[in-house]
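Read off the chains here:
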Amino acid sequence: MEQKGFFSGKGVYTRRQFVGQLSLMGIGGVAFAGLSSIGGCTSPSNQQAEQRTDQQQAQQKLGIALVGLGQYSEGQLGPALKDTDHCYLAGIVTGTPAKIDKWRRGYDIPEGNVYNYENFDTIADNPDIDIVYVVLPNAMHAEYTIRALQAGKHVICEKPMAVTVEDCDRMIAAAKEAGKLLSIGYRLHFEPHNIEMMRFGQEKRMGAIMHIMAENGMNGTEGWRLDKALAGGGPLMDVGIYCVQAARYTTGMEPIAVTAEEGTKTDPETFKEVEESLTWQMEFPGGVTALCKTSYSESMNLLRAEAEHGWAKLEPAYPYSGIQGETSEGEMDCEGVNQQALQMDDFAIAIKENRPTPVPGEMGRQDVKILQAIYKAMETGQRVEV
Ligand code: NAD
C-alpha cells in the first residue's frame, strides 16, 4: 500500500533537515509548483539536506528587524527567532518606548538597532539589518514594506499583504526596483500537515480533487481588527484568508469566480464597520468547488478535501501547533514544527542563495484579489469573476 506508507511516514524530520529540503527545491511563484519531492511527513534525502544546512550555518546569520511589537511579534516571531539557524532578531521598530527595555534585554539588541516610526528610514544605514519584518495592522503593511524596500532591505510582510490590490502592486514594484526579495508571512507552507494536503491535491494521491471545505473562525476580537480603515475588513481579511490559501494550495488551481453571503450580525454595535461572519464559495476550473466560512463569533478550524477515491482532512488545520490530519486511509503522522522559525529561515536561505521565496508578494496579491472579489460578491449578491 504505497499511499498508506506515504501518509504514515515515520521519518523523524528535524527543522534543520526540513528547511534544507525546502531550500533545495527552490519553489516559487503562485502556482504551488514543484511539490513532488518536498519533504512533509517523510524525509527522502536528508543526508544531502543536512550537509547543505551545515555549510549554510557556517555562514553568517542574517539580521531581522521586527516592525510592530504586538501579539504576533511578542508571542510567536520573537521566540521563533531564538530557534532559527539562518537569521536572528537584530532590531526592533516600535512607537511605544515602554516596550524597548524588555525587548532589548530579552534579545540582546544594541541601542543603535532600535527605531521608531519617524526615524525608521534611517535603518538604510544599518548593516546589521538585512530583513525587515512588517507586523503592523493590515492597512499599514504597504507603507512600511515600501519604505523598508526603499531603505535597501529585504522584506517579509504579514498577511494579508495589503488591503487593496493596488497597494500590492506598489509593494511588488518597489521590491523589483530595489532588487530585494519580498515575502508574505504564510507560515503554513512550511508546516508538514499542510504540505501533505498540497501533495494530496496537487499530486492527485487519491484522484482529482472535487470539493474543498475550509473554515477558520474565532470567538471574539478587539482593537484595530474591528476598524475597517486599519483592517480592510473583518474575519475574512484576518483568518478567512487561510481558507482562500488552503483552497488554492490544496487544489493547485486558481479560482475563476466567487459567490458570498454575509452572516447575520448578532452584535451590530461591535461589528458596525466589518462583517461578523461570512460564507463563500469559490469555483475552480473543471467544476471543482470550495465552500468556506469565517467568523469572529464562532470557533472553527477545518480543511477537508474530497477527491475521486478518498478524502483528506486537517482539524485543526491552521494553528501554530497541534494540527491534526487524517485521510480515508488513516491518520497522518507528521512532526510538529516551529512554523515561524522554518518560514524565516527559508527566507534567509533564499536571500543567501539568491533564489525566489516560495511565498512571494505575487502570492499575497492573488489572495488580496480574491478577498476583494469575495467582498464584492457579498455586497452585490452576485457571482463575481476573479
Ligand atoms: P497587534 O494589535 O497585537 O499588534 C499590532 C502592533 O502594531 C502593535 O504593536 C501596535 O502598537 C502597532 N501599531 C502601530 N500603529 C498602530 C495603529 N495605528 N493602530 C494599532 N496598532 C498599531 O496585532 P497582531 O496580532 O500582532 O497582528 C499584526 C499583523 O500580523 C496583522 O497584519 C495580522 O494579520 C498579522 N498576524 C499574522 C499571524 C500569522 O499567523 N501569520 C498571526 C497573527 C497576526
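Treat the numbers as computed from the prediction; the structure is a model and nothing was measured. (Residues numbered from 1 in each chain as written. Predicted model: local features only at pLDDT ≥ 70, side-chain atom pairs only at ≥ 80, totals over all residues. Heavy atoms only, no water.)

Draft legend 1. Highlighting helix α11 (residues 339-353). Over its 15 residues, α11 extends 21 Å from the first C-alpha to the last, a length consistent with the 21 Å expected when each residue adds 1.5 Å. N354 sits one or two positions beyond α11 and adopts a positive phi of about 55°. (Helix = DSSP H or I, 4+ residues; strand = E, 2+ residues; numbered from the N terminus. Expected span 1.5 Å × (residues − 1).)

Draft legend 2. Molecular detail of the site of the ligand. Near the ligand, the surroundings consist of 22 residues, among which Q71, N138, K159, R187 and W224 are the closest. With respect to the ligand, the side chain of R187 contributes an N or O atom lying 2.6 Å from an oxygen atom. Surface burial for the ligand is 80%, taken as the share of its 830 Å² of free accessible area covered by protein chains. A per-class count over the shell around the ligand returns eleven nonpolar, five polar and six charged. (Near = heavy atom within 4 Å. Polar contact = N/O pair within 3.5 Å; in protein donor to acceptor, adjacent residues only side chain to side chain. Areas by Shrake-Rupley, 256 points an atom, 1.4 Å probe, with all protein chains shown as cover. Nonpolar A, V, L, I, M, F, W, Y, C, P; charged D, E, K, R; others polar.)

Draft legend 3. A look at the pattern of salt bridges. This structure, assessed with the given rule, holds 21 salt bridges. Among the salt bridges present, the one from E203 reaches R199, with a minimum N-O distance of 3.9 Å. For R199, a relative accessible area of 7% corresponds to the buried category. Measuring nitrogen to oxygen at the nearest pair gives 2.9 Å for the salt bridge that ties R248 to E254. Given the relative accessible area of 26%, E254 is considered partly exposed. Salt bridges here are not isolated pairs; linked through shared partners, they connect E196, R199, E203 and R205. (Salt bridge = Lys/Arg side-chain N within 4 Å of Asp/Glu carboxyl O. Buried < 20%, exposed > 50% of the residue type's maximum accessible area, 1.4 Å probe, protein only.)

Draft legend 4. Representation of the packing of helix α10 (residues 235-251) against helix α12 (residues 361-380). With their axes 10 Å apart at the nearest point, α10 and α12 run at an angle of 110° to one another. The orientation of α10 with respect to α12, classified from their angle, is roughly perpendicular. Crossing geometry of α10 relative to α12 is assigned as right-handed. Where α10 approaches α12, its residues L236, M237, I241, V244, Q245 and R248 are matched on the opposing element by M363, Q366, D367, I370, L371, I374 and Y375. In terms of residue class, the contact of α10 with α12 is made up of nine nonpolar, two polar and two charged. (Axes fitted to C-alpha atoms, helices over the stretch in contact; angles between N-to-C directions. Parallel < 35°, antiparallel > 145°, perpendicular 65-115°, else oblique. Left-handed = near helix turned anticlockwise from the far one by under 90°. Contact = heavy atoms within 4.5 Å.)

Draft legend 5. Quick look at α12. Over its 20 residues, α12 extends 29 Å from the first C-alpha to the last, a length consistent with the 28 Å expected when each residue adds 1.5 Å. Remark: G381 follows α12 within two positions and exhibits a positive phi of approximately 75°.

Draft legend 6. View of the environment of V67. Turning to its location among the elements, V67 is positioned in strand β1 (residues 62-67). Along the sequence, V67 and A148 sit 81 residues apart, while their C-alpha atoms lie 9.9 Å from each other.

Draft legend 7. Structural detail: the packing of helix α4 (residues 71-80) against α11. Taken N-terminus to C-terminus, the directions of α4 and α11 make an angle of 60°; their axes are 8 Å apart at the nearest point. Between α4 and α11, the interaxial angle falls into the category oblique. Here α4 and α11 pass one another in a crossing that is right-handed. Between α4 and α11, the contacting residues are Y72, Q76, L77 and A80 on the first element and Q340, A341 and M344 on the second. The residue inventory of the contact of α4 with α11, partitioned by class, reads five nonpolar, two polar and no charged.

Draft legend 8. View of unusual backbone geometry. The omega angle of the peptide bond from K159 to P160 is -15°, so this bond is cis rather than trans. Here P160 shows up in the loop between β5 (154-157) and α7 (165-178). For the peptide bond that leads from E315 to P316, omega is -5°, which places it in the cis range. Its place among the elements puts P316 in the loop between β12 (310-314) and β13 (325-327). For D108, which is not glycine, the phi torsion reads 55° and is therefore positive. Even without glycine at this site, N354 takes up a positive phi of about 55°. Note on placement: N354 falls in the loop between α11 and α12. N354 sits in the exposed class, given a relative accessible area of 74%.

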